[in-house]
Amino acid sequence: MYDELKQEIVPDFPVKILLIDDNDNNLLSMEVALEKEDYVFFKANSGREALRILLKEEEFSLILLDVRMPVMDGYETAQLISQRDKLKDIPIIFITAHDYEETAVFKGYQAGAVDFVRKPFNAEMLRSKVAVFAELYKKNRLLRQQEEKLQAINNDLKRLNLDLEQRVLDRTIELENLNHQLKAINLSKDKFLSVLSHDLRNPFTALLIASAKLKEEPENLSMAQIRQLSNIVHRTSNRMLVQLNEVIDWAKKQGEKASFNPEKIRLTTGIEESLELLKPNASQKGIKLENKTPKEIFVKADSLMLRSIVQNLVTNAIKYTPQGGSVIINAEQNDCMACVLVEDSGVGMTAEMQKRLFNNNENTSISGTDDEPGTGLGLLLVNDFVALHGGTIDVESAVGKGTTFRFTVPALK
């Protein structure tokens, strides 16, 4: 197991040794003394030649350098080597026959030497010293390799950590979105419960009382009473149907995003079609219902949503306008948007009521002037449909002076 581990952690790095001497016999002697080891030799006869080799080749483990050489001696060569960043860490052993006194040794160490070997050298001692530096080189190479691996692992860990953080962030956002959706679903559920437990209970009660009288004692009722009770049944049934449709539309909008299919529509035509179903309600209260929308205005809108917007706003206007009042629909074009106005002569609203109109968390429904019930969901639906068109909606009202709703949809030239 130790051998396997050794093979794994001690790779076979080539040990490259540069031999520098102006005498070929000395070069040969050094090579012969070291040839039994697994070394790769490069040889130079001068300092200049040695520098050329060092600049061309890389990763030298050791330099064996003769001190006494013509033109450029060993000290000068060592100094030039140590001045270069790529070469300064290569250990240099001086091979010398003469300069072995203390002053010369000190000069050699100053020039960059790490050791001295005297000529004629002892082959065993030379092999031993070279082996130490060769092993040191291998271990340094191994250490560098391990550092590079650790750096790579560290970079991978950083990348994985960033990826994990991003995934956690994405998941957190996803959970927050789900939480918002659950809150919206819960709000819709509360609205349903409110409608079923309160808003629909009153009309059901009126419907049951009127139908019970018709069923239990029809022979004791005059024709006028029968007509009155029948009218109550009919009107209440219609109101309940409108409220139920309103709740269903709201549920569809909240549970599954309503399909949005905008098309070119002549605004006055779209509004007139929306008003057809509301004219009987207005007539019943003696309310004047008037469409003053200019014929030249065209909009790009979803026809069903536009109808729902207009019907909800006009229904509210009729509901909160007393007998004999008026509801007028008008429009104007401003640049790329058409602004539709629904103006009534009704009871109006306080500033506090206006603030709560489009609040999902509050039920703003109050009874109409003829005690007409409502769910409080219609304006929320209107607000969502207007937003889908990229438009806005606002209200202007004063108690006793009526109300004007304004909403915008994209206009076409």
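Residues numbered from 1 in each chain as written. Predicted model: local features only at pLDDT ≥ 70, side-chain atom pairs only at ≥ 80, totals over all residues. Heavy atoms only, no water.

Caption draft 1: Layout of the overall build of the protein chain. Counting its secondary structure elements, the protein chain contains 13 helices and twelve strands. Split into buried and exposed, the 413 residues of the protein chain put 37% on the buried side. Considering only contacts within the protein chain whose residues lie at least 6 apart along the sequence, 69% involve residues at least 24 apart. Per element, the accessible surface of the protein chain, about 24600 Å² overall, is 53% carbon and sulfur. (Helix = DSSP H or I, 4+ residues; strand = E, 2+ residues; numbered from the N terminus. Buried < 20%, exposed > 50% of the residue type's maximum accessible area, 1.4 Å probe, protein only. Contact = heavy atoms within 4.5 Å. Areas by Shrake-Rupley, 256 points an atom, 1.4 Å probe, with all protein chains shown as cover.)

Caption draft 2: Just the packing of helix α9 (residues 267–275) against helix α11 (residues 303–319), in detail. Between α9 and α11, the shortest axis-to-axis distance is 9 Å and the interhelical angle comes to 55°. For the element pair α9 / α11, the angle class is oblique. Here α9 runs over α11; the crossing is right-handed. Where α9 approaches α11, its residues L267, I271, E273, S274 and L275 are matched on the opposing element by L306, R307, V310, Q311 and V314. When grouped by side-chain class, the residues that make up the contact of α9 with α11 number six nonpolar, two polar and two charged. (Axes fitted to C-alpha atoms, helices over the stretch in contact; angles between N-to-C directions. Parallel < 35°, antiparallel > 145°, perpendicular 65-115°, else oblique. Left-handed = near helix turned anticlockwise from the far one by under 90°. Nonpolar A, V, L, I, M, F, W, Y, C, P; charged D, E, K, R; others polar.)

Caption draft 3: Spatial organisation of the nonpolar core. L313, V314 and F407 are the most contacted members of the largest nonpolar core, which totals 37 residues. Looking at this core, the elements that each hand over two or more residues are α9, β8 (298–301), α11, β9 (326–334), β10 (337–344), α13 (378–388), β11 (393–398) and β12 (402–412). Counting residues in each nonpolar core, the second largest holds 24 residues, with I53, L65, A78 and A104 among its members. (Core = buried A, V, L, I, M, F, W, Y, C linked by side-chain atoms within 4.5 Å.)

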